[in-house]
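Tertiary structure, described
What follows is each chain in one-letter form.
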Amino acid sequence: MAESAVFVWEGKDKQGRKTKGEISSSTPAIAKAELRRQGIVAQKVKKKSAGFKIGGGAKVKPADICLFTRQMSTMMRAGVPLVQSFDIVADGVDKPKLGELIRTVRQDVASGNSFASALRRHPNEFDDLFCNLVEAGEQSGALESMLDRIATYKEKTESLKAKVRKAMTYPIAVLVVAGIVSGILLIKVVPQFEQVFASFGAELPAFTQMVIGFSEFAQANWYFVIAAIVAIGFTFSEVRKRSKKFRDTLDVISLKLPVAGDIIEKSSIARFARTLSTTFAAGVPLVDALNAVAGATGNNVFVVATLKVRDDVSTGQQLNFSMRNTGVFPNMVIQMVAIGEEAGALDDMLDKSASYYEEQVDNAVDNLTSLMEPIIMSVLGILVGGLIIAMYLPIFQLGAVVG
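Scoring rules and cut-offs
Residues numbered from 1 in each chain as written. Predicted model: local features only at pLDDT ≥ 70, side-chain atom pairs only at ≥ 80, totals over all residues. Heavy atoms only, no water. Core = buried A, V, L, I, M, F, W, Y, C linked by side-chain atoms within 4.5 Å. Buried < 20%, exposed > 50% of the residue type's maximum accessible area, 1.4 Å probe, protein only. Helix = DSSP H or I, 4+ residues; strand = E, 2+ residues; numbered from the N terminus. Contact = heavy atoms within 4.5 Å. Salt bridge = Lys/Arg side-chain N within 4 Å of Asp/Glu carboxyl O. Phe/Tyr/Trp six-rings, centres within 6.5 Å; stacked < 30°, edge-to-face > 60°. Axes fitted to C-alpha atoms, helices over the stretch in contact; angles between N-to-C directions. Parallel < 35°, antiparallel > 145°, perpendicular 65-115°, else oblique. Nonpolar A, V, L, I, M, F, W, Y, C, P; charged D, E, K, R; others polar. Patch = residues over 30% accessible without salt bridge, like charges linked within 9 Å, V, L, I, M, F, W, Y side chains within 5 Å. Areas by Shrake-Rupley, 256 points an atom, 1.4 Å probe, with all protein chains shown as cover. Left-handed = near helix turned anticlockwise from the far one by under 90°. Expected span 1.5 Å × (residues − 1). Polar contact = N/O pair within 3.5 Å; in protein donor to acceptor, adjacent residues only side chain to side chain. pLDDT = per-residue confidence, 0-100. Bend = angle between axes of the 7 residues up to and from the residue. 1 Å grid on protein atoms, 1.4 Å probe; cavity = no way out; pocket = protein on both sides within 12 Å on 5 of 7 lines; lining within 4 Å. Points joined across faces, edges and corners; volume = space filled by probe spheres on them.

Attention now goes to the nonpolar core. Among the nonpolar cores identified, the biggest contains 68 residues, and Phe86, Phe115, Val134, Leu276, Leu319, Met323 and Phe329 are the most heavily contacted of them. The element contributing the most residues to this core is helix H15 (residues 346-402), with 10 residues. The residues touching phenylalanine 86, leaving out its near neighbours within four places in the chain, are Phe68, Met72, Ile102, Val105, Arg106, Val109 and Phe115. Counting residues in each nonpolar core, the second largest holds 11 residues, with Leu204, Val211, Ala390 and Met391 among its members.

Here's what the structure looks like:
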């Protein structure tokens, strides 16, 4: 299956007016067919350039989309017409790119296009799940309540992502600081002691000699070390971006990490349950909902499991049985799903499961932070303390000889 890409298009809408936008598709031909389905005659479709742009304001982030959705929901619940809601929200945002995006969507809606089709022209900001839910809200005549549901969903998923990022970045950031401090000591401080030791005329302790050796290596090759770290980081980022197989392998490894793996697993389960609850409650058929859920779990192990569940459900198997067969989902979630299917309250049971696992992630992140603090302090103490001991050890020995 061809990988999806973003295409820039120009064409005419149903009223014959010139319009343009972006669309996510695998080929230009499929992009044209999708635009035709939306009532747009595409005159030019080309792949969006990934060129480097200077300036232009801050990029629109998921948190901005979350805020936009919540504000639109609030406006519409207050009885403000859709087009006027766009104007009010656009005037109230501080980020220029977000304001520009909202005004572009507003123009498309004002020209006769549906809200969902206007959003689909901006696949970088509004994914398929978002657009499908908005479309379901428009078709059911309950757009304001659907926007409220989407806003709640986005707020909870973004909060969950932020917690997982906190769990991953906190120890890395501290270790980076520890590396920088150690580098400064080796390059700037140790050489000063080395000059003093040269005047002793006695053999230095093995530990001190080892530290001086590290210092001399760091002084001679620090730029090579920094270049190697940057090169490794850049290569890792590029390979991860371009190779799906590499990303899938990282996803498998991440679930096996001590402590962090448990957090990643629980967050994936929470996102599975939250997304499926939201889509199912919106009236999206279960098989179609599972399609959207697969991409929202955030880990390939759960993506594969969800797609297997979708295939099993499409043949008539119950959701809880198909989930059990994957061997990925915990028994608690499977039991909740079974109860929901039996009672006809699947969305409610999934919502409760999502809330439970979101709370579990929150607690796990707090516990990890509490656990990491003494460990990090110990690591810093060993690094800095070890360097200090290595430098003062010859002085202590000299004092003992003199004494």
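The discussion continues.
A separate point is the pattern of salt bridges. This structure, assessed with the given rule, holds 18 salt bridges. The salt bridge partner of aspartate 87 is arginine 106, with a shortest N-O separation of 2.9 Å. With aspartate 87 in helix H3 (residues 82-92) and arginine 106 in helix H4 (residues 96-110), this pair connects stretches of sequence that are 19 residues apart. Using a relative accessible area of 27% as the deciding quantity, one classes arginine 106 as partly exposed. Here arginine 274 ties to aspartate 351 by a salt bridge, and the two come within 2.4 Å at their closest N and O atoms.

For any pair of aromatic rings, the description consists of the separation of the ring centres together with the inter-plane angle of the planes. Taken as a whole and assessed by the stated rule, the structure comprises 10 aromatic pairs. Ring centres 5.5 Å apart and planes at 80° place the aromatic pair tryptophan 222 and tyrosine 223 in the edge-to-face group. Residue class for tyrosine 223 comes out partly exposed when judged on its relative accessible area of 43%. Taken together, Phe68, Phe86, Phe115, Phe126 and Phe130 form an aromatic cluster joined through their ring pairs.

Let's shift gears to the packing of helix H11 (residues 286-296) against helix H12 (residues 300-314). Where H11 meets H12, the closest approach of the two axes is 9 Å, and the angle between their N-to-C directions is 170°. Taken together, H11 and H12 sit at an angle that is classed as roughly antiparallel. Here Leu286, Val287, Leu290, Asn291, Val293 and Ala294 of H11 come into contact with H12, specifically with Val303, Thr306, Leu307, Val309, Arg310, Val313 and Ser314. The residue makeup of the contact of H11 with H12, split by class, is nine nonpolar, three polar and one charged.

On the surface, Leu175, Val259, Leu371, Ile375, Val379 and Leu383 cluster together into a nonpolar patch covering about 470 Å² of accessible area. With four residues, H15 is the single largest residue contributor to the nonpolar patch. Here valine 379 lies in helix H15. Exposure remark for valine 379: the relative accessible area of 32% places this residue in the partly exposed category.

Turning our eyes to something else, we now look at the packing of helix H10 (residues 260-281) against H11. Put simply, H10 and H11 touch, their axes get as near as 9 Å, and they point 145° apart. Of the two possible hands of crossing, H10 and H11 adopt the one that is right-handed. Taken together, the residues of H11 that come into contact with H10 (itself represented by Arg271, Phe272, Thr275, Leu276, Thr279 and Phe280) are Leu286, Ala289, Leu290, Ala292, Val293 and Ala296. For the contact of H10 with H11, the residue count by class is nine nonpolar, two polar and one charged.

Compared with the 21 Å implied by 1.5 Å per residue over 15 residues, the 21 Å span of H12 between its first and last C-alpha is a close match. Every buried residue of H12 is accounted for by Asn300, Phe302, Ala305, Thr306, Val309, Asp312 and Val313. Where H12 is buried, its residues meet helix H9 (244-255), H10, H11 and helix H13 (319-326). With a side-chain oxygen positioned 3.0 Å from the backbone nitrogen of valine 301, the residue opening H12 is asparagine 299. After H12 finishes, the residue glycine 316 shows a positive phi value of roughly 105°.

Time to look at the confidence of the model for the chain. This prediction gives the chain a mean pLDDT of 83; 93% of its residues lie at or above 70. Counted against residues more than four places away or in other chains, residues 51-56, with its pLDDT under 50, gives one contact.

This brings us to helix H7 (residues 143-198). Relative to the 82 Å expected for 56 residues at 1.5 Å per residue, H7 spans 79 Å between its end C-alpha atoms, a close match to the ideal helical length. The largest bend along H7 reaches roughly 40° and is located at valine 190, with the proline proline 191 sitting one to four residues downstream.

Attention now goes to the layout of surface pockets. The space that makes up the second largest pocket amounts to roughly 630 Å³. Contributing to the lining of the second largest pocket are 17 residues, with Gly179, Ile180, Val225, Ile226 and Ile229 lying nearest its centre. Every element with two or more residues in the lining of the second largest pocket is listed here: H7 and helix H8 (206-242). The leading source of residues in the lining of the second largest pocket is H7, at nine residues. Residues that form the lining of the second largest pocket fall into these classes: 14 nonpolar, three polar and no charged.

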